[in-house]
Amino acid sequence: MIRVLLVDDHALFRQGLRSLLESEGMRVIGEAANGREAIRYAADTHPDVILMDIQMPELDGVKATQSILEIDPNSKVIMITMYRQDRYVFEAVKAGARGYILKDADANTLIDAIRRVAGGEALLDADMAQNVLDDFRDKREELPSEKHADLNERETMILKLLAQGFSNQDIALRLDISEKTVRNRLSEIFTKLQLNNRTQAALYAIREGIANLD
């Protein structure tokens, strides 16, 4: 059962999400009305997936996401936004959010997104990946520039599969290795390339031509 934390300042919206998720066999383990509550709930309950609104009182969703990921880099956050080109979504994804879902998305899209992220995937479509990369360049921020030649063949393949959205379990099955080995190899890849999370790793792989999202 996937355990979900809902973060949105509109109680009616949270209630609707709760009803939908529970009807699909998921468990809502908490609701937060602002970013500060979200940080506390996330630290206390360790949800499988966090659905995070962007615009909220006291502390917005981007800053809350950054704090949650500083506490636990393995947290899986999906941003909820009204607009596909939301500037704040870029900042959240750069910080390590697994992607975003539009507030007007249909139920099947939302449920599929939660299940994919719970399974270890990132919701990075080609446009979002390119926009985030462009944003790095516009701000003169750079992902690490070390050449991926430092990676061996197996590490490069793992990075490619990660960027294509495969979970650790799927990568393990494809490469006939254990999930523990995948986790260990990813940790080594992050260290070699000075990356902090799966989202940055996926963006790095796309930029360096290791993978594409076509």
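- Taking an unreviewed UniProt entry as the reference, the protein chain is identified by name as Chemotaxis protein CheY belonging to Deinococcus puniceus.

Regarding the overall build of the protein chain
- Broken down by element type, the protein chain carries 10 helices and five strands.
- For the protein chain, the residues scored as buried account for 49% of the 214 residues in total.
- About 10600 Å² of surface is accessible on the protein chain, with carbon and sulfur atoms providing 44% of the total.

Considering the UniProt feature "modified residue: 4-aspartylphosphate" (unreviewed entry) in the protein chain
- UniProt tags Asp53 as "modified residue: 4-aspartylphosphate" (unreviewed entry).
- For Asp53, the position within the fold is in strand 3 (residues 49–53).
- Apart from residues lying up to four places away in sequence, Asp53 is in contact with Val7, Asp8, Asp9, Gly61, Met79, Ile80 and Lys103.

Examining the pattern of salt bridges
- The full count for this structure, using the stated rule, is nine salt bridges.
- Two residues, Glu22 and Arg18, come together in a salt bridge whose shortest N-O distance is 3.0 Å. Taken together, the residues Glu22 and Arg18, both in helix 1 (residues 11–23) and four residues apart, mark about one turn of the helix.
- Residues Asp112 and Arg116 are paired through a salt bridge, measuring 3.8 Å at the closest nitrogen-oxygen approach. Here Arg116 and Asp112 lie together in helix 5 (residues 107–118), a separation of four residues that amounts to about one turn.
- Through salt bridges with shared partners, one network takes in Arg14, Arg18, Glu22 and Glu31.

Describing the packing of helix 8 (residues 168–175) against helix 9 (residues 179–193)
- Put simply, helix 8 and helix 9 touch, their axes get as near as 8 Å, and they point 110° apart. On the basis of their axis angle, the class for helix 8 and helix 9 is roughly perpendicular. Facing Asn168, Gln169, Ile171 and Ala172 of helix 8, the residues of helix 9 in contact are Glu179, Val182, Arg183 and Leu186.
- Here the contact of helix 8 with helix 9 is composed, by residue class, of four nonpolar, two polar and two charged.

Description of the environment of Ala211
- By the element assignment, Ala211 lies in the segment after helix 10 (198–207).
- The exposure class assigned to Ala211 is buried, which follows from its relative accessible area of 6%.
- Residues Ala211 and Gln164, spaced 47 residues apart in sequence, show a C-alpha to C-alpha distance of 6.8 Å.
- Apart from the residues within four sequence positions on either side, Ala211 is in contact with Lys160, Ala163, Gln164, Ala205 and Ile206.

Observations regarding the confidence of the model for the protein chain
- Taken residue by residue, the protein chain gives an average pLDDT of 84. The fraction at 70 or more is 85%.
- Across the protein chain, the secondary-structure element scoring lowest on mean pLDDT is helix 6 (residues 126–138), at 61, and the one scoring highest is strand 1 (residues 3–7), at 97.

Considering the pairing of strand 3
- The buried count for strand 3 comes to five of five residues, which makes it a mostly enclosed element.
- By the alternation rule, side chains of strand 3 split into Val49, Leu51 and Asp53 and Ile50 and Met52, which are all buried.
- Bridge count between strand 1 and strand 3: four bridges; the pairing is parallel. Paired with Leu6 across the bridge in strand 3 is Leu51.
- Taken together, the four bridges between strand 3 and strand 4 (residues 77–81) define a ladder with parallel strand orientation. Among the inter-strand pairings, Asp53 is bridged to a residue of strand 4, identified as Ile80.
- The handedness of the strand 3 to strand 4 crossover, carried by helix 3 (residues 61–71), is right-handed.

Details of the packing of aromatic side chains
- Counting across every chain of the model gives zero aromatic pairs.
- Over the face of the ring belonging to Tyr41 we find Arg40, whose NZ or CZ atom lies 5.8 Å from the ring centre.

As for the sheet that holds strand 1
- Strand order in the open sheet formed by five strands is 2-1-3-4-5, and the pairing between neighbours is parallel. Strands with a single pairing partner mark the edges of an open sheet, and in this sheet they are strand 2 (27–32) and strand 5 (99–102). Taking the axes of each pair of neighbouring strands and ignoring which way they run, one obtains an average angle of 25° across the sheet.
- In this sheet, strand 5 lies alongside strand 4 in parallel orientation, the contact comprising four bridges. Bridge pairing in strand 5 places Met79 opposite Tyr100.
- Across the sheet, helix 1 is in contact with strand 1, strand 2, strand 3 and strand 4; its angle to strand 2 comes to roughly 170°.

Conventions we followed
- Residues numbered from 1 in each chain as written.
- Predicted model: local features only at pLDDT ≥ 70, side-chain atom pairs only at ≥ 80, totals over all residues.
- Heavy atoms only, no water.
- Helix = DSSP H or I, 4+ residues; strand = E, 2+ residues; numbered from the N terminus.
- Buried < 20%, exposed > 50% of the residue type's maximum accessible area, 1.4 Å probe, protein only.
- Areas by Shrake-Rupley, 256 points an atom, 1.4 Å probe, with all protein chains shown as cover.
- UniProt positions renumbered as here; feature names shortened; annotations may be inferred.
- Contact = heavy atoms within 4.5 Å.
- Salt bridge = Lys/Arg side-chain N within 4 Å of Asp/Glu carboxyl O.
- Axes fitted to C-alpha atoms, helices over the stretch in contact; angles between N-to-C directions.
- Parallel < 35°, antiparallel > 145°, perpendicular 65-115°, else oblique.
- Nonpolar A, V, L, I, M, F, W, Y, C, P; charged D, E, K, R; others polar.
- pLDDT = per-residue confidence, 0-100.
- Pairing = 2+ DSSP bridges.
- Right-handed = clockwise from strand over helix to strand, strands pointing away.
- Phe/Tyr/Trp six-rings, centres within 6.5 Å; stacked < 30°, edge-to-face > 60°.
- Lys NZ or Arg CZ within 6 Å of the ring centre and 35° of its normal.

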